[in-house]
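A structural walkthrough
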Amino acid sequence: GAVVSQHPSRVICKSGTSVKIECRSLDFQATTMFWYRQFPKQSLMLMATSNEGSKATYEQGVEKDKFLINHASLTLSTLTVTSAHPEDSSFYICSANALDRDYGYTFGSGTRLTVV
Amino acid sequence: GENVEQHPSTLSVQEGDSAVIKCTYSDSASNYFPWYKQELGKRPQLIIDIRSNVGEKKDQRIAVTLNKTAKHFSLHITETQPEDSAVYFCAASPVTGGGNKLTFGTGTQLKVEL
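Reference entry: report on the structure contained in this document. No experiment lies behind these values; they were computed from the predicted model shown.

As enumerated under the stated definition, the model contains 2 disulfides over all chains in all. Paired through a disulfide, cysteine 23 of chain A and cysteine 94 of chain A show a sulfur-sulfur distance of 1.8 Å. On the sign convention where negative means left-handed, the S-S torsion of about -95° between cysteine 23 of chain A and cysteine 94 of chain A marks this disulfide as left-handed. Of this pair, cysteine 23 of chain A sits in strand β3 (residues 19-25) while cysteine 94 of chain A sits in strand β9 (residues 90-97); the two residues are 71 residues apart in sequence, bridging distant segments of the chain. Residue class for cysteine 94 of chain A comes out buried when judged on its relative accessible area of 0%. Residue cysteine 23 of chain B pairs covalently with cysteine 90 of chain B via a disulfide, S to S 1.9 Å. Given an S-S torsion of about -100°, the disulfide between cysteine 23 of chain B and cysteine 90 of chain B has left-handed geometry. Pair noted here: cysteine 23 of chain B is in strand β3 (residues 19-25) and cysteine 90 of chain B is in strand β9 (residues 86-94), with a separation of 67 residues, a long-range link. For cysteine 90 of chain B, a relative accessible area of 0% translates into the label buried.

Once that is clear, we can look at the pairing of β3 of chain A. A regular strand places its side chains on the two faces of the sheet in alternate fashion. Residues and elements named next belong to chain A. Residue alternation in β3 divides its side chains into a buried set, Val19, Ile21, Cys23 and Ser25, and an unburied set, Lys20, Glu22 and Arg24. Sheet analysis places strand β1 (residues 4-7) next to β3, joined by 4 bridges and oriented antiparallel. Residue histidine 7 lies in a different strand from β3, and its bridge partner there is glutamate 22. Judged from the 6 bridges that link them, β3 and strand β8 (residues 76-81) form a sheet pairing that is antiparallel. Counterpart to valine 19 in the pairing with β8 is valine 81.

To continue, consider the packing of aromatic side chains. All names here are of chain B. Taken as a whole, this structure holds 13 aromatic pairs over all chains when the rule is applied. Ring centres of tyrosine 25 and phenylalanine 33 lie 4.7 Å apart, and the angle between their planes is 45°; this geometry places the pair in the tilted category. Overall, the relative accessible area of 5% leaves tyrosine 25 in the buried class. In this structure phenylalanine 33 comes out as buried when scored by relative accessible area, which is 0%. With 6.2 Å between their ring centres and 90° between their planes, phenylalanine 89 and phenylalanine 104 make a pair best called edge-to-face. On the criterion of sequence distance, the pair formed by phenylalanine 89 in strand β9 and phenylalanine 104 in strand β10 (residues 103-104) is long-range, its members being 15 residues apart.

Let us now look at the interface of chain B and chain A. A common measure of how large an interface is: the accessible area buried when the components associate. Listed as interface residues are 21 residues of chain B and, on the opposing side, 20 residues of chain A. Of the roughly 1,700 Å² buried between chain B and chain A, counting both surfaces, carbon and sulfur atoms make up 56%. The interface formed by chain B and chain A holds 1 salt bridge in total. Between lysine 101 of chain B and glutamate 59 of chain A there is a salt bridge, and its shortest N-O distance comes to 3.3 Å. The interface formed by chain B and chain A contains 6 residue pairs in polar contact (both at pLDDT 80 or more). Within the residue set of the side of chain B that touches chain A, elements represented by two or more residues are β4 (30-38) and β9 of chain B. Sorting elements by how many residues they give to the side of chain B that touches chain A places β4 of chain B first, with 4 residues. Within the side of chain B that touches chain A, the residues separate by chemical class into 7 nonpolar, 10 polar and 4 charged.

About the cut-offs
Residues numbered from 1 in each chain as written. Chains lettered and ligands numbered in written order. Predicted model: local features only at pLDDT ≥ 70, side-chain atom pairs only at ≥ 80, totals over all residues. Heavy atoms only, no water. Disulfide = S-S within 2.5 Å. Helix = DSSP H or I, 4+ residues; strand = E, 2+ residues; numbered from the N terminus. Buried < 20%, exposed > 50% of the residue type's maximum accessible area, 1.4 Å probe, protein only. Pairing = 2+ DSSP bridges. Phe/Tyr/Trp six-rings, centres within 6.5 Å; stacked < 30°, edge-to-face > 60°. Contact = heavy atoms within 4.5 Å. Buried area = accessible area lost by both parts, 1.4 Å probe. Salt bridge = Lys/Arg side-chain N within 4 Å of Asp/Glu carboxyl O. Polar contact = N/O pair within 3.5 Å; in protein donor to acceptor, adjacent residues only side chain to side chain. Nonpolar A, V, L, I, M, F, W, Y, C, P; charged D, E, K, R; others polar.

Treat this as a map of the structure, not an account of what it does.
Written out as structure tokens, the structure is:
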């Protein structure tokens with residue numbers, strides 16, 4: 001089956017620093033990548049949608065200059081949390097979708113970010 | 001955009017009983033409705049999905065029903081077991097020709113008690 005590898009699984013960083021999260025599709029071409037954020041005991045909230053080779057589309061209320069998304073190839077998308085603050089601590093998870101996979105969504109394993 | 005509401009937020013059942021979780025959606029363009037099970041700190045796992053051209057789908061102890069006219073769909077788990085305890089999310093997605101955005105419901109914490 002389709003696999004999306006997400007790294008790191010856990011990261012602790014200091015306030016003001018940046019953190020990069022990577023998602024790789026291992027056995028299919030991820031035409032579209034979705035980035036979600038999930039706070040404790042809450043649902044998955046879509047942050048942005050990225051298509052390979054183009055700029056990401058951000059959901060309302062998500063700061064595009066703070067959450068930088070790059071989808072430079074069909075197998076790799078990255079999310080960089082810049083100038084992280086404690087309120088950015090959350091579970092970040094990616095989901096890949098390919099044009100040739102009817103309705104298929106494959107989720108990464110998630111990244112637990114803690115900003116201290 | 002799409003708005004998905006989910007009820008109840010918590011559900012406790014006795015082992016062997018049935019559990020039902022209900023969702024409503026707002027966008028009539030949505031036609032794909034998956035259900036996910038998520039354990040603490042893990043990724044959502046697809047347990048069943050349904051598309052708008054069918055009204056019901058069953059997979060062993062799990063079934064999903066869809067009423068497109070009323071814009072609601074439900075998850076039914078029969079003969080519940082302790083390992084069914086988890087958070088369950090419904091979701092909805094419209095057809096946009098690929099790269100469909102998935103909108104999640106608010107989640108249901110299911111606890112199956114011995």
